[in-house]
Structure formats: C-alpha cells, structure tokens
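Fold and contact review
Chain residues, written in single-letter form:
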Amino acid sequence: MGSPAADEDLPQVLLIRNPPAFTIDGEEQFTSAKFRFLKAFESTLPPHDFLAARAQSVRAMLASGGAVVDASVLQFLPELRLIVTTTAGLNQLDLPECRRRGIRIANAGDVYSADVADCAVGLLIDVLRKISACNRYVKQGFWASKGDYPLGSKLRGKRIGIVGLGRIGYQVAKRLEAFGCSIAYNSRKAKPGVSYPFYQEVQELAAKSDALILCCGLTEQTRHMINKEVLAALGKDGVIVNIARGGVIDEKEMVRCLMEGEIAGAGLDVFENEPDAPKELMELDNVVMSPHCAVFTRESLLDVARLVVGNLEAFFSNEPLLSEYEDD
Ligand SMILES: O=CC(=O)O
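Keep in mind that what you see is a predicted model, and the values were worked out from it rather than measured.

Calculation notes
Along each chain, the written sequence defines residue order, and numbers are assigned to residues from 1. Totals for whole chains, interfaces and linings use all residues, but because this is a predicted model, local features are given only for residues with pLDDT of at least 70 and pairs of side-chain atoms are given and counted only at 80 or more. The side-chain numbers reported here are obtained from all heavy atoms of the structure, hydrogens and water having been left aside. Secondary structure counts use DSSP, requiring at least four H or I residues in a row for a helix and at least two E residues in a row for a strand, with both numbered from the N terminus. Residue count minus one, scaled by 1.5 Å, sets the expected span of a helix. Per-residue accessibility, obtained with a 1.4 Å probe over protein chains only, is compared with the maximum for each type, and a residue is labelled buried under 20%, exposed over 50%, and partly exposed between these values. As used here, the arc belongs to the directions running from the helix axis to the C-beta atoms. By definition in these notes, contact holds between two residues if any of their heavy atoms fall within 4.5 Å. Consider each residue's heavy atoms; a residue with any of them within 4 Å of a molecule or strand counts as near. Residues adjacent in sequence count toward polar contacts only when both atoms are side-chain atoms; beyond that, a polar contact is any pair of N or O atoms within 3.5 Å, and within protein one must be able to donate a hydrogen and the other to accept it. Each accessible area is a Shrake-Rupley estimate made with a 1.4 Å probe; only the visible protein chains count as cover when residues are assessed. Amino acids outside the nonpolar list (Ala, Val, Leu, Ile, Met, Phe, Trp, Tyr, Cys, Pro) and the charged list (Asp, Glu, Lys, Arg) are all regarded as polar, and Gly is one of them. Pairing between strands is defined by DSSP: at least two bridges between the two strands are required. Note on definitions: angles span 0 to 180 degrees between N-to-C directions of axes, and those axes are lines fitted to C-alpha atoms, for helices only across the stretch in contact.

Given a rise of 1.5 Å per residue, twelve residues ought to cover 16 Å, and the 17 Å separating the end C-alpha atoms of helix 8 (residues 167-178) matches this to within 8%. Those residues of helix 8 that sit buried are Ile168, Gly169, Val172, Ala173 and Leu176. Projected down its long axis, helix 8 carries its buried residues within an arc of 140°, all on one side. Exposed side of helix 8, more than 90 degrees from the buried face: Arg167 and Ala178 are the residues found there. The inward-facing, buried residues of helix 8 contact helix 5 (113-129), strand 8 (159-163), strand 9 (182-186) and strand 10 (211-214).

With that out of the way, let us pick up the site of the ligand. Every residue lining the ligand is accounted for by Thr87, Ala88, Gly89, Tyr112, Arg245, His292 and Val295. Taking Ala88, its main chain carries an N or O atom lying 2.7 Å from an oxygen atom of the ligand. Between the ligand and Arg245, the relevant distance is 2.7 Å, taken from an oxygen atom to a side-chain nitrogen or oxygen of the residue. For the ligand, the accessible surface in isolation is 190 Å², of which the surrounding protein chains cover 89%. Classifying every residue of the shell around the ligand by side-chain character gives three nonpolar, three polar and one charged.

What follows deals with the sheet that holds strand 11 (residues 239-242). Taken together, six strands build an open sheet; the order of strands is 9-8-10-11-12-13 and the sheet is parallel. Of all strands in the sheet, those bounded by a partner on one side alone are strand 9 and strand 13 (287-289). With strand direction ignored, the average angle separating the axes of adjacent strands in the sheet is 15°. With four bridges connecting them, strand 11 and strand 12 (residues 265-268) associate as parallel partners. Within strand 12, the residue paired with Val241 across the bridge is Gly267.

Along the chain, Glu274 connects to Pro275 via a cis peptide bond; the corresponding omega equals 10°. Its place among the elements puts Pro275 in the loop between strand 12 and strand 13. Of note in the backbone geometry, Lys130 takes a positive phi value of approximately 60° without being a glycine. Here Lys130 is to be found in the loop between helix 5 and helix 6 (131-139). Relative accessible area serves as the criterion here: at 24%, Lys130 is assigned to the partly exposed category. The residue Asn318 is not glycine, and still its phi comes out positive at about 55°. Note that Asn318 resides in the segment after helix 12 (298-316).

All right, on to the side chain of Thr87 then. Here Thr87 shows up in the loop between strand 6 (82-85) and helix 4 (95-100). One polar contact links the side chain of Thr87 to the main-chain carbonyl oxygen of Gly89, over a distance of 2.7 Å.

Everything listed here is a matter of geometry and, on its own, says nothing about what the molecule does.
Encoded structure:
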C-alpha cells in the first residue's frame, strides 16, 4: 500500500453499500494499490446528496446485489464508465440506461456457477427424497412414535427442464445427467452445439418435465414467466427449483399451487420480496427453502473478491476486463 498522501491520488471506486464478505476473517478482501473506495454508506448525507456532492467525477463503481443502480442514481454519475458487480445476476442494474450512457459492466462471471449448480441439485434431491422433512421428523422424536416417514420419489430417470441454459444451467444439466436424469431446456434461443432438446415455450417444457429448474436472469421478459399456465403444465407430480431470482415465478400463484396440491413441491433459494419468504410455505414439508445463499461459499466469496479487484485494476490500467458482461 502507498503512503496516505499517495492514496489520495488513487482513482476512486464508488461503493453504495458493502458487498457480502467485504471482510472475511477480519480481513478486508477488496483492497488494491491501484484504487480506493468512496464509501457512500459511511456519510451522514442522504444518498443522492452524497452522490451529487462527492461522486460526480467517479469513473467506476462496485455494486452488490442489494445496491440498486437505476437512472435516479446514474444521473449523479456523469463520468461513470464501469460497474463491477459481485453478483452473476444483474437485475439490480438498469441495463438499458447503462448501455445508453456507455457504461461497461463486469459481473461475477463463472465464479459461482459450480456452487449454485450444486445447490440446485441439493434442493431437488431434498424435495424428492424429503431430507429436511425427515431430519425434522427424527429430531422431533416422531420416528419411534409414528413409524416410517412417507415415501420419497426417485431422482434417477426424472425428466428435468432447465430454464436458462447459461453457465449455471449447463452445470446443473451436467450434474443431473450424471444422476441418470434426462435433460431438456428453454432459453431465448437454442444453443449451438447443445444436444439437449430445446423448447421455445416454457409451458411446453413444463408439460414434458418432472422438475423445472430455474437458472435464468430476471429481466422484463422473464418476470413472472413461471405463471399459472406453466405451473398447471408442470402438474401435480411436478417440482420446481428456483436458484435464479424470485421474480421469475408468480410467487402468489406458486404458493396457491403448493397449498392446493397442484404441484408436488418446491426447492427455493430466492423469493420475490427478500428477506421475506411467504409464510404459507413455512408449514409445508414438501417445500425446502434457503435464504438466497446458493452462491455463498467461503471459496466463492474469496474468488469473487479477487475477480472484482482484477476487473477494477484492469480498467484503471486500460487493460481488457476479466469478466465483461456482453448483452446479447
Ligand atoms: O444470486 C446471486 C448472484 O446473482 O450472484
């Protein structure tokens, strides 16, 4: 690290709020000798006043999942040319506005894909084989008094519909193929070189699947894509797993389907109004939930910190970004 005087000369990176694991084991993870952070959340000024007063000249910012960067924020940042995110999903950003302003974006790239795919498979197995429910049953002492737990359902042979065959979706597909499942998918377009059957319509994919696994980004096109009709097509033996974003499902409709037995179960890491999960789901043994933590392993968070710093250093050195997001 340079002297305090030299630090003053470093370019600033705007930070609206601390990303997860900014500090791990008491150590700050996002440090660099090539930039310093301008921490909006440490100011007593209201956020927009802070941006207007202090951030007019910043050229880069670091945005985590909870930090919404829309036109009302960008209007105060005329010099901004780069947003680096700690997330793979980019629904916290107004992408058209970023494009209009010539702002480049670097996201978490492939850093989380394996962890998220593992988590999707874990949730599916948990719902089918009732692992969490059995765990509660044993711990509550019901085994001796009530006997065996109701039967689960076999994973091998299940027809899996992957919604969004990007990096994460592809890793989910590979894992479930190894478990003896058949795979089909829906995406904006068929992927060249991919032999899994492609369904243009998600409803048709649902009708042909025993489980739908949501791995797509949340956009205006995918918001509530899993609606009443898709859930009806999935049917009463169908399971839904969501490791994408809560808004991809019409959550009210999904809750109704689960309550009325119109689908068989759900494994959910994400919700429409986080950190709230629908209270109706709390009592359902066929629903397994986690608190939007599919990406959170120690290893992934250390990797993402390195990637973020690498992207910011590359930007300030006029070198190619390490994980530039290309909008297609
Ligand atoms: O959900 C987490 C992410 O998009 O990185």
